[in-house]
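# Examining the three-dimensional arrangement
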Amino acid sequence: HALTTCVALLLGMTQEVFNFRGFRWARAMIHAIQEVNNRLDILPNITLGYHIYDTCFTTSKTVEGTLAYLTGQNETMPNFRCSAGAPLVAVIGAGGSTLTIASSRIVGLYYFPEVGYASSCSVLSDKYQFPSFLRTIPNDNHQSLAMAELVRHFGWVWIGTIAADDDYGKYGIKYFKQNVEKSGICIAFSETIPKIFSREKILAVVEAIKESTANIIVVYSSDIDLSPLMEEIANSNITGKTWIASEAWVTSALIAKPEYFSFLGGTIGFGVRRGDIPGLKDFLLDVHPDNAASDDLTIEFWQTAFNCTWPNSTVPYNTDFRINVTGRESGVHPVSDQLCTGKEKLEDIKNTYLDVSELRITYNVYKAVFTVAHALNNLDTCVEGNGPFPKNSCAIIYDFEPWQLMYYLKNVKFTTFDNELVKIDDNGDVYASYDIINWQLNETGEISFVKIGIYNDTKDGHEMKIYNNDSIFWNTPTLKPPRSVCTENCQPGARKGIRHGVPACCFVCIPCADGEISNKTDARECFPCPDDYCSNTLKNECVLKEVEFLAYDEALGTTLVAVSLFGACIVLSVTIVYRIHRDTAVVKANDRGLSFLIQLSLVITLLTSFLFVGKPKEWSCQIRQVTLALGFSLCLSCILGKTIALLLTYRGSKLNAAEKHDHISMQSFHQKLLVLISMIIEVCICTAYLTCIPPYVYKNMEFQNVKIILECNEGSIEFLCTMFGFDVFLAVLCFITAFIARKLPDNFNEAKFITFGMLVFFIVWISFVPAYLSTRGKFKVVVEIFAILASSFGLLGCIFLPKRYIILLKPERNTEEIISGKATTNDNSAPSTSASCTSELPLATVPGQWELRSQHSGWGRCAEPPGPPLCLGAGGTCELLPGSHAELGREPASPAPTGLLKAQSPEPPASLFDQVFQLHRFGLHRFGTIKIDIKFWLHFKNIPKGQINLCKHSELYQFNLETNKTHLDSPTKVPSLPLAGCGLLPFL
């Protein structure tokens, strides 16, 4: 037998003008129902019927239509069904998410099935609130995710959002925001389109768009709600924006008008899967008021499409001229002056109704009808005993409960005519698949919807493909993808800084500090370069730091090395001169051995500069300061030996004859012993320094980020100060002793020049300390080398140049008599240098008669020989020879004004067993107008071959001169008087 069932379609038809798109949906449902009824494989004995309810896009009309369908009459009494017609099957609709939420809450109370075709709001997936709702359009969560993926794909980070003031807009834009904000994308503004028309609110949205720098605007709204906003944007001439459209308006002819292309061109949106329904175009053309005289929708469609009035029609929607649901007065005249003839041809008009090129929502309507049909077919074909209900029972097609049909709807699975699999999941949702659409202008001046990519939901997540970026039309002056940023990207070399009170996408670009880089765009932070690297000028790459040290090949290093070599050559030249003239009085004065050691130490200190120049190595760092300290220790200890001897000589010159007995003298042995002890102390300090905390190579990066100052870290400052502190101690002793002995009354006073040399030494090194501490890098080394060279040249010049001057330029002054003050000189140009307290005198080697002239400042006359022999030679006698004059080793050259002491030997001495040496001058007296120097004389006897010991092989005698006497008293032996210089002298 045949059974008729009824399906209700809820859709919005009436708005400001007739909704051709909604009417096409209704016709598509009728076409799908007819196709089901004509097929033998689906419900062969069942005929589907339908009721169509116009919701007018209002919640109230939606509720009214739902209750009317459930109760079977216009009175809305939901607890009773007052109609005995065909059994009710399901509700298809409604035409929007907000409307569907209203109707689904009602039918859900009865677990009555409702299948949505355009209601994509994510909240409808909540089975607690909407247990009986299913849909053939994807959940908006997928669309929001696809929009976020699109925004990320093109690198847009500054987005404006606009949503309709309903569940569809609010939930869709909310989920979109949640997704993009996870990726660091910021929302520039978020506006709402009012459901009830308010021009003030619309203008507020337009103003927000104008003021914002965001060039990308995402719109979640239906075409009906969006239309008033687009009219105002067109009036405001807002261009340069790229719009991201939701599926509800991306292919809507109400919005995709050619006159809007100037600001909407290049719009990118997501459209649900498109389908070409067979036979639909012919079915749409097969509509005429004569065929459905009682069908008010068909009459209103005809009147609106041809702008005429159907004769004898009483269509209520077009005659009351009421204020419609959008809040605006209807723009359609209530009655047209022209009557419809019925001969009008639909083929001659162009409107949304006949446009079957973009059947997307229409295709969902088609699938919704077949979803219900397949569920009914499964219910009808159930075999008793294998059913899903208690006791394996089946539902009866002509008497089933809504919940029984819901079971089959949840488990429905079928393939459409184009092989699309339709399957409902547990949430009542279907597989998500979107076409990515770009608005472009075709050859006819119409807006075409060009497919540029797809977005599919997969088991592993989702997949988006853009076919070809070059195929996308961008409504920008350059026709290239727009940029939408609050702040331009921070290029490599800078980092993003926070601006308080604004979104995170609005930031400041802060250049990386020296030594830090960022090598990617919009870096959150700069990261430091490794220790041996520094940032380049752009701060986007780490480059090897320039290593700075005082190199040999740079001008400063070459100059210092050259000066150091020059100084060493000068010292060597002095050494050569000393070696050649080693037997002269100046060289022998005050221990020539110490002089050679001083010259050696100066060469060491000067050449130490080589250790400071060049790339520091471990070995050079460890030996350079030590070598310098040892060099100065050797130099200063030798000078100290000299100055102490001079000091003792000076003190002895101040003593009378009685005090000289206790006077301490210093021999050459003692001087060298002092040098040895000083060097041992310094070597011990240096050894402890190198053993405990040795210096090492240090890469100093504290003062310059772009350079590595390669220098020597001195290890222990305490050891370093101790090492050089000992040198300072020696220098202070040298200065004090030399300063005290500077007035020693000799023609060559070495103490004066040592004093000047030590003053130069102190001035240089005192100036060195602040200069060294205030410099950085290689210039610290330069300062130290300069101090080394200056102090070394100062000592060299003050100690050796005066002697070299006498040796080379004034050789006539290089005699013992002049050096020691025994003879006067009229040469005022000669510098007064030094005299020795233990000078070695030339020995008489001429056979026969030989004489020794005393040191004097005048000549004295003696009336008679001095009695007992003054000089006890080998049987010889001493006598006064009036009028004679002779010097050592030479015959008398000219008569002298006074007498001369003459030592005569009866025969030439065969060997030098007995010699006479001057030891010390102890005073100066006057006799009348004649001044005579009184001397000590030593008589050496029984001299062992090889050396002379002044303490063991000598007898000391003293002359006494009495006032107004014309002769010298006999010498008195003074064995207890201390000698001015005990020690070993070479025996020639």
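Scoring rules and cut-offs
Residues numbered from 1 in each chain as written. Predicted model: local features only at pLDDT ≥ 70, side-chain atom pairs only at ≥ 80, totals over all residues. Heavy atoms only, no water. Helix = DSSP H or I, 4+ residues; strand = E, 2+ residues; numbered from the N terminus. Buried < 20%, exposed > 50% of the residue type's maximum accessible area, 1.4 Å probe, protein only. Contact = heavy atoms within 4.5 Å. Areas by Shrake-Rupley, 256 points an atom, 1.4 Å probe, with all protein chains shown as cover. Core = buried A, V, L, I, M, F, W, Y, C linked by side-chain atoms within 4.5 Å. Domains from an automatic or database assignment. Phe/Tyr/Trp six-rings, centres within 6.5 Å; stacked < 30°, edge-to-face > 60°. Disulfide = S-S within 2.5 Å. Axes fitted to C-alpha atoms, helices over the stretch in contact; angles between N-to-C directions. Left-handed = near helix turned anticlockwise from the far one by under 90°. Nonpolar A, V, L, I, M, F, W, Y, C, P; charged D, E, K, R; others polar. UniProt positions renumbered as here; feature names shortened; annotations may be inferred. Pairing = 2+ DSSP bridges. Patch = residues over 30% accessible without salt bridge, like charges linked within 9 Å, V, L, I, M, F, W, Y side chains within 5 Å. Salt bridge = Lys/Arg side-chain N within 4 Å of Asp/Glu carboxyl O. Lys, Arg positive; Asp, Glu negative; His and termini not counted. Polar contact = N/O pair within 3.5 Å; in protein donor to acceptor, adjacent residues only side chain to side chain.

### Some details on the overall build of the protein chain
Counting secondary structure elements, the protein chain contains 23 helices and 32 strands. Residues counted as buried form 52% of the 988 residues belonging to the protein chain. For the protein chain, contacts bridging at least 24 residues in sequence account for 68% of all contacts bridging at least 6. Counting every atom, the protein chain has about 44900 Å² of accessible surface; 56% of that belongs to carbon and sulfur.

### What about the nonpolar core?
Counting 99 residues, the largest nonpolar core has Ile159, Phe176, Phe301 and Leu376 as the members making the most contacts within it. Top element by residues in this core is helix α11 (residues 361-380). It accounts for 12 residues. Two domains each donate at least three residues to this core, and these are domain 1 (3-138 + 280-423) and domain 2 (140-276 + 433-466). Aside from chain neighbours lying at most four places away, what touches Phe176 is Ser144, Met147, Ala148, Val151, Ile159, Thr161 and Val218. Formed by 61 residues, the second largest nonpolar core is a distinct cluster that contains Val603, Cys635, Leu640 and Ala741.

### What to know about unusual backbone geometry
It is generally the case that most residues other than glycine have a negative phi and that most peptide bonds are trans. Look at the link from Gly93 to Ala94: it is a cis peptide, with omega at 0 degrees. Considering the arrangement of structural elements, one finds Ala94 in the loop between β3 (88-92) and α3 (97-109). A positive phi angle, near 55 degrees, is found at Asn237, a position not held by glycine. Among the secondary structure elements, Asn237 is positioned in the loop between α7 (223-236) and β9 (242-245).

### A closer look at the packing of aromatic side chains
Applying the stated criterion across every chain yields a total of 37 aromatic pairs. For the pair Tyr366 and Phe370, a centre-to-centre distance of 4.7 Å together with 40 degrees between the ring planes defines the contact as tilted. In this pair, Tyr366 and Phe370 are both assigned in helix α11, 4 residues apart and thus about one turn of the helix distant. Both residues of the pair, Tyr366 and Phe370, count as buried. On the basis of relative accessible area, Tyr366 is assigned to the buried category, the value being 4%. Linked through ring pairs, Phe632, Phe735, Phe739, Phe761, Phe762, Trp765, Phe768 and Tyr772 together constitute an aromatic cluster.

### Overview of the state of the cysteines
Applying the stated criterion across every chain yields a total of 8 disulfides. Through a disulfide, Cys486 is tied to Cys506; the S-S separation comes to 1.8 Å. Across the S-S bond linking Cys486 and Cys506, the dihedral sits near 105 degrees, which makes this disulfide right-handed. Residue Cys486 is found in the loop between β15 (461-466) and β16 (494-498), and its partner Cys506 is found in the loop between β16 and β17 (507-511); the two are separated by 20 residues along the sequence. Across the disulfide, Cys512 is cross-linked to Cys526 (sulfur-sulfur distance 1.9 Å).

### A few points about the packing of helix α1 (residues 20-38) against α11
At a minimum axis separation of 9 Å, α1 and α11 run at an interaxial angle of 35 degrees. Pair α1 / α11 crosses with right-handed handedness. Residues Arg21, Arg24, Trp25, Ala28, Met29, Ala32, Ile33, Glu35 and Val36 of α1 touch α11, and the partners they reach there are Ile361, Thr362, Val365, Tyr366, Val369, Phe370 and Ala373. Tallied by class, residues from the contact of α1 with α11 come to 12 nonpolar, 1 polar and 3 charged.

### Quick look at the UniProt feature "transmembrane region" (unreviewed entry) in the protein chain
Feature annotation in UniProt assigns "transmembrane region" (unreviewed entry) to the following positions: residues 560-581, 593-614, 626-652, 673-697, 717-741, 753-773 and 779-801. Annotated as 80% helix and 8% strand, the span residues 673-697 places its first and last C-alpha atoms 37 Å apart. As annotated, residues 753-773 has a helix share of 100% and a strand share of 0%, and its two end C-alpha atoms lie 31 Å apart.

### Comments concerning the sheet that holds strand β6 (residues 158-164)
Pairing within the open sheet is mixed, and its 8 strands lie in the order β7-β6-β8-β9-β10-β13-β14-β15. Each edge of the sheet is formed by a strand with only one pairing partner; in this case those strands are β7 (186-193) and β15. Neighbour-to-neighbour, the strand axes of the sheet open up by a mean angle of 25 degrees, direction not taken into account. Both β6 and β7 contribute to a ladder of 7 bridges, which runs parallel. Directly across from Ile159, in β7, lies its bridge partner Ile187.

### Things to note about a nonpolar patch on the surface
On the surface, Phe669, Leu673, Leu676, Ile677, Ile680 and Ile681 cluster together into a nonpolar patch covering about 550 Å² of accessible area. Note that Phe669 resides in helix α18 (residues 668-692).

### A look at the pairing of strand β8 (residues 216-220)
When you tally the buried positions in β8, you get 5 out of 5 residues, the bulk of the element. Pairing geometry for β6 and β8, over 5 bridges, is parallel. Bridge pairing in β8 links Ala163 to Tyr220. By the bridge criterion, 4 bridges tie β8 to β9 in an arrangement that is parallel.

### Here we look at the side chain of Glu344
Mapped onto the fold, Glu344 is located in the loop between α10 (296-306) and α11. Within the buried core, Glu344 has no salt-bridge partner, and the shortest N-O distance to an opposite charge, that of Lys343, equals 9.6 Å. Only 2.9 Å separates the side chain of Glu344 from the backbone nitrogen of Thr341, close enough to count as a polar contact. In this structure the side chain of Glu344 is engaged in a polar contact, spanning 2.9 Å, whose partner is the backbone nitrogen of Gly342. Those residues in contact with Glu344 that sit more than four places away from it in its chain are Trp302, Phe306 and Cys308.

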